[in-house]
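# Analysis of the macromolecular model
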Amino acid sequence: MKKYIVIGAGILGASCAYYLARSGADVTIIDRNEPGAATDAAAGIVSPWLSKRRNKAWYHLAVNGARLYPELVDELQAMGQADTGYKKVGGLNIHTDPDVLDDMAERARLKQKEAPEIGEVKRLDAEQTKAFFPMLADGYEAVYLSGAARVDGRALKTALLNAAQAHGAKFVQAHADLDVEAGQVKGVKLGSDYMAADQVIAANGAWMRDTLVPLGVTFRGWPQKGQIMHVQLDDTEPSDWPVINPPGRHYVLGFRDRLVIGATRDDWKGFNTDVTVDGAHEILSQALNVIPALKDARILETRVGFRPVTVDAMPVIGTLPGYEGLLLANGLGSSGITIGPFVGQQLARWALDQQLDIDPDRYVVSTVLR
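Numbering of residues starts from 1 in each chain and follows the order in which that chain's sequence is written. Owing to the predicted nature of the model, reporting of local features is limited to residues with pLDDT of at least 70; listing and counting of side-chain atom pairs is limited to 80 or more, with chain, interface and lining totals taken over all residues. Hydrogens and water molecules were not included; the side-chain quantities draw on all heavy atoms of the structure.

### Here we look at the overall build of the protein
Labels follow the DSSP assignment, with helices taken as runs of H or I lasting at least four residues and strands as runs of E lasting at least two, numbered in each case from the N terminus. The helix and strand inventory of the protein stands at nine helices and 20 strands. Computation of the radius of gyration draws on C-alpha atoms alone. For the globule rule, the value is 2.2 Å times the number of residues to the power 0.38. For 370 residues, the compact-globule formula gives about 21 Å, and the C-alpha radius of gyration of the protein, at 21 Å, lands near that figure. In the protein, which comprises 370 residues, the proportion classed as buried is 56%. It only takes one pair of heavy atoms within 4.5 Å for two residues to be counted as in contact. A fraction of 73% describes how many contacts in the protein between residues 6 or more apart in sequence connect residues 24 or more apart. Accessible areas in this description were obtained via Shrake-Rupley with a 1.4 Å probe; residue shielding takes into account the shown protein chains only. Entry remark: accessible area of the protein is about 15,800 Å², with carbon and sulfur atoms responsible for 47%. Averaging the locations of the 39 positively and 45 negatively charged side chains of the protein gives two centres separated by 2 Å. Note on classification: 1.4 Å probe, protein chains only; a residue is buried when its accessible area is under 20% of the maximum for its type, exposed when over 50%, partly exposed between these limits. The sign given to each residue is positive for Lys and Arg and negative for Asp and Glu; His and the chain ends receive no count. One atom stands in for each charge, and that atom is NZ of Lys, CZ of Arg, CG of Asp or CD of Glu.

Here it is in structure tokens:
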């Protein structure tokens, strides 16, 4: 039986390990539990259909990621993982310009033909929007998509790792260095220990650059710092609230005992996990414009995570030129929660020599190497 090592236990690595283990493979997951892991900070929105990104290769990952979620969640729950952090709550895409929303609704209905998981599409005027979500500030209209969902990254990662281990996968907390001989990745070094593998899969997010340095490869990717604030309002149970998508890159979504508002995107800040005044100001000012009642909320915590981004802002998936025995994926960025499980599934299929649902030529790793 072939032996597989997955480096990285975020949503991407955990998904890959789950699908490998489910197939009966011998899998070991290695993670060094660094502070600032993107998945641990993430509260994600699965609603890619109205994204302004025009890249078809990215959209293929995103729409398939959204499509995979219900099936994956059902599998995990059937294995006793009741808390996956996933819930289909619908989404309100809000704006003050009716023409923008009319165009948005038209695009959603066109995409609905190939992506029925969008669900019901409703164009709401200001009065209907306010009735649907009374806490919203005045003046907003909306496009409502019933298929939108929210995800707690920590909960989903835990469910995936538990399910992978139930299928026989092993988990090791350690720092893994690639062991390479004549262009063949043979396994990993764990300090004074060694672990051999037929295939190593690197899915360690913002730390990928360090992993590849010993191979003489410069990976043109970096950590994008994101700060995400958790707040609590008295006498509210927001777990069924729709996801709120205002113009721009901020959002509001609800869980059982809290609202999550965010998020900042800071490039070239290194791995500094400090919560900053500037970040808090950006998050709160944007959120208060949308839901003024948040002025009375208690701040519970602010999470910091490092999204892995590449020089061309596109995910890469596949082999490393010049080396055998190594697969990798990276650059999921702010869409990691949406596309992570699907990309992890594709990595597992690649490692198992199974048919892929992606065209590998659209995500070539060499495009981000130097």
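Having seen the structure, we can now continue with the description.
### Regarding the sheet that holds strand 3 (residues 43-46)
Any two strands with at least two DSSP-identified bridges between them are counted as paired. Reading across from one edge, 3-8-4 is the order of the three strands in this open sheet, with antiparallel pairing throughout. Looking at which strands have only one partner, the edges of the open sheet turn out to be strand 3 and strand 4 (86-88). Averaged over all pairs of adjacent strands, the angle between strand axes in this sheet comes to 20°, irrespective of strand direction. Where strand 4 and strand 8 (residues 149-152) come together, three bridges link them in antiparallel fashion. What sits directly across from K88, in strand 8, is A149. Each of strand 3, strand 4 and strand 8 is contacted by helix 3 (residues 56-78), which is oriented at about 115° to strand 4, the strand it contacts most. Note on definitions: angles span 0 to 180 degrees between N-to-C directions of axes, and those axes are lines fitted to C-alpha atoms, for helices only across the stretch in contact.

### So, the packing of helix 1 (residues 11-22) against helix 6 (residues 153-166)
Helix 6 packs onto helix 1 with a crossing angle of 25° between their chain directions and a minimal axis gap of 8 Å. Relative to helix 6, the element helix 1 lies roughly parallel. Judged by the twist between their axes, the crossing of helix 1 over helix 6 is left-handed. Counted together, I11, A14, S15, A17, Y18 and A21 of helix 1 and L156, K157, L160, L161, A163 and A164 of helix 6 form the full contact between these two elements. Every angle not falling under 35 degrees, over 145, or within 65 to 115 is termed oblique; those three ranges are roughly parallel, roughly antiparallel and roughly perpendicular. Crossing handedness follows the turn of the near helix against the far one: under a right angle anticlockwise gives a left-handed crossing, and clockwise gives a right-handed one.

### A look at the environment of H167
Looking at the element boundaries, H167 is found in the loop between helix 6 and strand 9 (170-173). Along the backbone, H167 and A21 are 146 residues apart, and their C-alpha atoms lie at a distance of 5.5 Å. Setting aside residues up to four positions removed in sequence, H167 forms contacts with Y18, A21, R22 and M79.

### What to know about the packing of helix 3 against helix 6
Direction vectors running N to C along helix 3 and helix 6 enclose 55°, while the axes themselves pass 10 Å from each other. One way to sum up the angle between helix 3 and helix 6 is to call them oblique. The way helix 3 lies across helix 6 gives a crossing that is left-handed. Two secondary-structure elements touch here, helix 3 through Y69, L72 and L76 and helix 6 through L156, A159, L160 and A163.

### Observations concerning the pattern of salt bridges
A pairing counts as a salt bridge when a side-chain nitrogen of Lys or Arg comes within 4 Å of a carboxyl oxygen of Asp or Glu. Counted by the stated rule, this structure contains 19 salt bridges. In this structure, R249 and E282 form a salt bridge, with 3.6 Å as the shortest nitrogen-oxygen distance. Remark: E282 occurs in helix 8 (residues 277-290) and R249 occurs in the loop between strand 15 (243-245) and strand 16 (251-254); sequence separation between them is 33 residues. Residue classification places R249 among the partly exposed positions, given a relative accessible area of 38%. K295 is the salt-bridge partner of D296, the closest N and O atoms lying 3.3 Å from each other. Residue classification places K295 among the exposed positions, given a relative accessible area of 61%. Bridged by salt links that share partners, the residues D257, R258, E301 and R303 form one connected network.

### Describing the packing of aromatic side chains
Any Phe, Tyr or Trp ring, taking Trp's six-membered ring, that has another such ring centre within 6.5 Å forms a pair; planes under 30 degrees apart are called stacked, those over 60 apart edge-to-face, and the others tilted. A full pass over the atoms with the stated rule returns eight aromatic pairs. Ring geometry for F133 against W241: centres 5.3 Å apart, planes inclined by 90°, an arrangement best described as edge-to-face. One end of the pair, F133, is in the loop between helix 5 (126-132) and strand 7 (141-145); the other, W241, is in the loop between strand 14 (221-232) and strand 15, with 108 residues separating them in the sequence. This pair shows no difference in class: F133 is buried, exactly as W241 is. Between W207 and F271 the ring centres are 5.0 Å apart and the planes differ by 20°, which places this aromatic pair in the stacked class. Taken together, the residues span a long stretch of sequence, with W207 in the loop between strand 13 (199-202) and helix 7 (208-212) and F271 in the loop between strand 17 (259-262) and helix 8 at a distance of 64 residues. A relative accessible area of 11% places W207 in the buried class. Taken together, W207, F271 and F306 form an aromatic cluster joined through their ring pairs.

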